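If you want the building blocks of each chain, they are given just below.
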Amino acid sequence: MFKQLKILDQNQVNEVKKIAARAQFVDGKISNPHSKVKNNLQLHDLEAYNKTSKILHDALMSNPEFTDFAFPEKIAPPLITRYQPGMQYGLHADSAIIPLPDGPIRSDISCTIFLSGPNDSKGGALHVTQGEAGMRFKGLPGTAIVYPSHTLHEVEPISEGERIVAITFIQSKVRDVMKRNLLYELNEVAALEGLNMKDENYMRMQALQYNLMRMWMD
Ligand SMILES: O=C(O)CCC(=O)C(=O)O
Ligand SMILES: [Fe+2]
């Protein structure tokens, strides 16, 4: 299941973009040297990376819509990438294991945070496939799209302008996407309708929530 979220306000978007504009970017192959499909630029400036990844990480982790949906256990520091005309990221599934300085994490959920807007580039939609169909996303600045890391996805070629996003990968407390989505739905319904229920039924539903979490959380 996909989710679109508003993560950053305009000031945060401006701040992150300002830091990125002064920073060095290099060929994205630096972190995937064997990829035949990756053709983008990524931030390669420790100070800018530390600052922007903290802003983006804190924005995600303080957003209840994100934490309720993703059940994050560990999250890779978000990394800013840029696409200029001719660039794209061909169809792929994300690596299961993301190496990080503090040890590897398992990527259950992938996340793109849009920093440029839909009209800042021609092309450059994030296309997440679902069988033979799929969905295309070009979000407003500050919005994020969260999708399961096992899905095949691509960034379509851009022909004009520039696409700037931040990407991150999340290890979820609930590894299985089906279980994660069921828990999310149950918790949402409980939060929205719980107060309308008879006390005894609410208590029984809470027991279901707690016991499923006990069974399904790593
Ligand atoms: O830029 C995006 O929206 C997604 C990039 C991507 O698929 C990746 O970095 O693995
Ligand atoms: Fe990807």
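Computed from a predicted structure; not experimentally measured.

## Let's talk about the sheet that holds strand β7 (residues 88–92)
Consideration 1: Overall, antiparallel pairing links the five strands, which are arranged β3-β7-β15-β12-β13 in an open sheet. At either end of the open sheet lies a strand with only one pairing partner, and these are β3 (38–39) and β13 (133–137).
Consideration 2: Two strands pair when backbone bridges link them, and strand β12 (residues 126–130) and strand β15 (residues 153–155) are joined in this way by three bridges, in the antiparallel orientation. Residue H127 lies in a different strand from β15, and its bridge partner there is E154.

## Considerations on the domain arrangement of the chain
Consideration 1: By domain assignment, the chain separates into domain 1 (3–172) and domain 2 (177–216).
Consideration 2: On a C-alpha basis, the centroid separation for the pair domain 1 and domain 2 is 31 Å.
Consideration 3: Listed as interface residues are 10 residues of domain 1 and, on the opposing side, seven residues of domain 2.
Consideration 4: In total, about 620 Å² of surface goes out of reach between domain 1 and domain 2, with carbon and sulfur atoms giving 67% of it.
Consideration 5: Looking only at domain 1, the three residues that lose the most surface to domain 2 are D68, F69 and F71, adding up to 60% of its buried area.
Consideration 6: For the interface between domain 1 and domain 2, the tally reads zero salt bridges.
Consideration 7: Between the two partners, domain 1 and domain 2, sit one residue pair in polar contact (both at pLDDT 80 or more).
Consideration 8: A per-element tally of the side of domain 1 that touches domain 2 places helix α3 (residues 64–70) first, with three residues.

Each value, and the rule that gives it
- Residues numbered from 1 in each chain as written.
- Chains lettered and ligands numbered in written order.
- Predicted model: local features only at pLDDT ≥ 70, side-chain atom pairs only at ≥ 80, totals over all residues.
- Heavy atoms only, no water.
- Pairing = 2+ DSSP bridges.
- Helix = DSSP H or I, 4+ residues; strand = E, 2+ residues; numbered from the N terminus.
- Domains from an automatic or database assignment.
- Contact = heavy atoms within 4.5 Å.
- Buried area = accessible area lost by both parts, 1.4 Å probe.
- Salt bridge = Lys/Arg side-chain N within 4 Å of Asp/Glu carboxyl O.
- Polar contact = N/O pair within 3.5 Å; in protein donor to acceptor, adjacent residues only side chain to side chain.

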